[in-house]
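Residue-level structure breakdown
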Amino acid sequence: MRGLGGKVAVVTGGARGIGAATAVRLAEENVAVAIGDLHGEEAEALAGKIRADGGKAVALRMNIRDDESVDALVAAAVDAFGGLDLLVNNAGGSLGHDRNVAENDDRLWSATWDLNLMGTVRVTRAALPHLRARGGGAIVNIASGSGTLATPGLAAYGTSKAAVIQLTRNVVAAYSHEGIRCNAICPGMIITPGASSAMPADVIARIADRIPMGRTGTPEDIAGLVTYLLSADAAYVNGQVIHCDGGARDVGPSGPARGTTA
Ligand SMILES: NC(=O)c1ccc[n+]([C@@H]2O[C@H](COP(=O)([O-])OP(=O)(O)OC[C@H]3O[C@@H](n4cnc5c(N)ncnc54)[C@H](O)[C@@H]3O)[C@@H](O)[C@H]2O)c1
């Protein structure tokens, strides 16, 4: 894709799943990547593999819930590669005991908000001066389909991802004039370590049966869209909320399951 070679990116949550696939894909496009993750050893192993394959990567154990380690990740990118152009706010997820609105206690609501919304705010805030210093840049926020349609039992997660979508629009409103674009991706059912540990296989199979394309998504499906949105091919794409879900969101629950004629 155009305009990526020689750029520098930070990818949060880049040790596993969507973040890992994104780091690999960006490195293949000659982007130098700084991978931040709670799992420092896995992040370092992935960075080592990228380097072994001829790419540029560094890794840092960090937590998007902690300002100091967020600053350290951004500093690691700038120190290693001389600046920062691109940011993928991917780290996040649902906390295992998320339920419905009234069943979640204040601690669960706050922790989920702190992870998904405030984590994205922290990394964006730390990255912005560096994007500005380069005369612009691009940000992709990984939200969720649960941020645009309610998913029963994921009240705090879905609400926090809706906030990530609105954050995306506020970044656009405030910083577009500085050459900084920001878009949000809402993945559907993507098979990752996180998704597989949160959902039993039969539930995933039932969801897959309702996906018009007849399959769940892969981390690479999302990584390709992230890469496009960061590239110069998307130079006029800004403030968009893009569902990447095999068409799942566009087929209502009352419709027939895939392959049936009723
Ligand atoms: N997999 C899906 O079906 C799906 C659907 C919609 C949205 N998403 C979103 O995509 C993103 C990635 O999800 P995934 O399925 O690849 O998850 P995953 O659990 O497989 O990987 C997430 C990575 O982020 C890291 N991480 C988690 N919290 C962190 C923190 N506080 N600080 C730093 N790193 C942290 C984890 O260690 C892990 O390496 C998440 O924001 C998630 O909400 C995923």
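Below, the structure is looked at part by part.

The rules behind the values
- Residues numbered from 1 in each chain as written.
- Predicted model: local features only at pLDDT ≥ 70, side-chain atom pairs only at ≥ 80, totals over all residues.
- Heavy atoms only, no water.
- 1 Å grid on protein atoms, 1.4 Å probe; cavity = no way out; pocket = protein on both sides within 12 Å on 5 of 7 lines; lining within 4 Å.
- Points joined across faces, edges and corners; volume = space filled by probe spheres on them.
- Helix = DSSP H or I, 4+ residues; strand = E, 2+ residues; numbered from the N terminus.
- Buried < 20%, exposed > 50% of the residue type's maximum accessible area, 1.4 Å probe, protein only.
- Contact = heavy atoms within 4.5 Å.
- Polar contact = N/O pair within 3.5 Å; in protein donor to acceptor, adjacent residues only side chain to side chain.
- Core = buried A, V, L, I, M, F, W, Y, C linked by side-chain atoms within 4.5 Å.
- Near = heavy atom within 4 Å.
- Areas by Shrake-Rupley, 256 points an atom, 1.4 Å probe, with all protein chains shown as cover.

**Here we look at the layout of surface pockets**
- Empty space within the second largest pocket amounts to approximately 150 Å³.
- If you go around the second largest pocket, you meet 15 residues; those closest to its centre are Lys7, Leu86, Gly137, Arg181 and Leu230.

**Some details on the environment of arginine 51**
- Of note, arginine 51 is situated in helix 2 (residues 40-52).
- With relative accessibility at 37%, the residue arginine 51 sits in the partly exposed group.
- Each C-alpha atom of the pair arginine 51 and alanine 27 lies 9.0 Å from the other, and the pair is 24 residues apart in sequence.
- Excluding anything up to four places from it in sequence, arginine 51 contacts Glu44, Ala57 and Val58.
- Here the side chain of arginine 51 touches glutamate 44 through a polar contact of 2.8 Å, side chain to side chain.
- Within the structure, the side chain of arginine 51 is placed 2.7 Å from the backbone oxygen of alanine 57, a separation counted as a polar contact.

**Structural notes on the nonpolar core**
- Grouped together as the largest cluster of nonpolar side chains are 32 residues, with contacts concentrated most on Ile185 and Leu230.
- Among the secondary structure elements, those contributing two or more residues to this core are strand 1 (8-12), helix 1 (17-28), strand 2 (32-37), helix 2, strand 4 (86-89), strand 5 (137-142) and helix 8 (219-230).
- Those residues within four positions of leucine 230 in sequence are excluded, and the remaining contacts are Leu4, Leu26, Leu86, Leu87, Val88, Ala138, Ile139, Val140 and Arg181.
- Counting 29 residues, the second-largest nonpolar core is a separate cluster that includes Ala91, Val121, Ala127 and Val171.

**Brief notes about the site of the ligand**
- The local shell around the ligand holds 29 residues, among which Asp37, His39, Asn90, Tyr157 and Thr192 are the closest.
- One of the backbone N or O atoms of isoleucine 18 is found 2.9 Å from an oxygen atom in the ligand.
- Taken by itself the ligand offers 830 Å² of open surface, and the protein chains cover 89% of this.
- Going through the elements one at a time, helix 1, helix 5 (155-175) and helix 6 (193-198) are the ones with two or more residues in the shell around the ligand.
- Top contributing element to the shell around the ligand by residue count: helix 6, with three residues.

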